[in-house]
Amino acid sequence: MSLRDFLERFRPVGTPGASATGVPADRTAERAAELEPALARLTGVQQEAAGIRAAAEEAAEAVRHDAARDAERVVAAARERAPEVRRQAAEPILREARQEAEGIRAAGDRAASAVRERAGACTPDLVDRAVADALRLVVGAGEAP
């Protein structure tokens, strides 16, 4: 019992004057009596709401479970497809790299061919000079003793 309810008991019931027999008004009891039928009707609604919440929780859990299973399937399919997707993604880059390598190889072949041509053109002259130098050394070495 609250202090307010306790003090309510000492309020006058009627106007001062001749003595009247009466019991102090119990406002708490009056409010409870007034609200009890409405609250009793709400009990059923509360139970129904609890049932709806429980059903919604079950449905949500089923949806989460299905979503997790679907996500696992999507991830598995993605992992399975990943090598092919990587290959397809790398294909244009590899093609371009091969073309670039072929261009570099062709340029190297042209440079090597040019070096061979220059070497072929210079070789007879260099051979003649080397032979002349060798002969000079041999002839010069034979005269010295």
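Worth saying up front: this structure is predicted, and the values here are computed from it rather than measured.

A. How the structure looks around the overall build of the chain. Across its full length, the chain carries two helices and zero strands. Across the 145 residues in the chain, those meeting the buried criterion constitute 1%. Within the structure as shown, the chain displays about 12,900 Å² of accessible surface, and the carbon and sulfur contribution to it stands at 61%.

B. Quick look at a nonpolar patch on the surface. A cluster of nonpolar side chains, contributed by Met1, Leu3, Phe6, Leu7 and Phe10, occupies part of the molecular surface with about 620 Å² of accessible area. Residue placement: Phe10 occurs in the loop between α1 (3-8) and α2 (27-143). Look at Phe10 and you get exposed, because its relative accessible area is 59%.

C. A look at the pattern of salt bridges. On inspection of all chains with the given rule, the structure shows nine salt bridges. Here Arg64 and Glu61 are joined by a salt bridge, their closest N and O atoms 3.0 Å apart. With Arg64 and Glu61 both in helix α2 and three residues apart, this pair spans about one turn of that helix. Note that Glu91 is salt-bridged to Arg87, the shortest N-O span being 2.9 Å. Of this pair, Glu91 and Arg87 both sit in helix α2, four residues apart, which is roughly one turn of that helix.

Parameters at a glance
- Residues numbered from 1 in each chain as written.
- Predicted model: local features only at pLDDT ≥ 70, side-chain atom pairs only at ≥ 80, totals over all residues.
- Heavy atoms only, no water.
- Helix = DSSP H or I, 4+ residues; strand = E, 2+ residues; numbered from the N terminus.
- Buried < 20%, exposed > 50% of the residue type's maximum accessible area, 1.4 Å probe, protein only.
- Areas by Shrake-Rupley, 256 points an atom, 1.4 Å probe, with all protein chains shown as cover.
- Patch = residues over 30% accessible without salt bridge, like charges linked within 9 Å, V, L, I, M, F, W, Y side chains within 5 Å.
- Salt bridge = Lys/Arg side-chain N within 4 Å of Asp/Glu carboxyl O.

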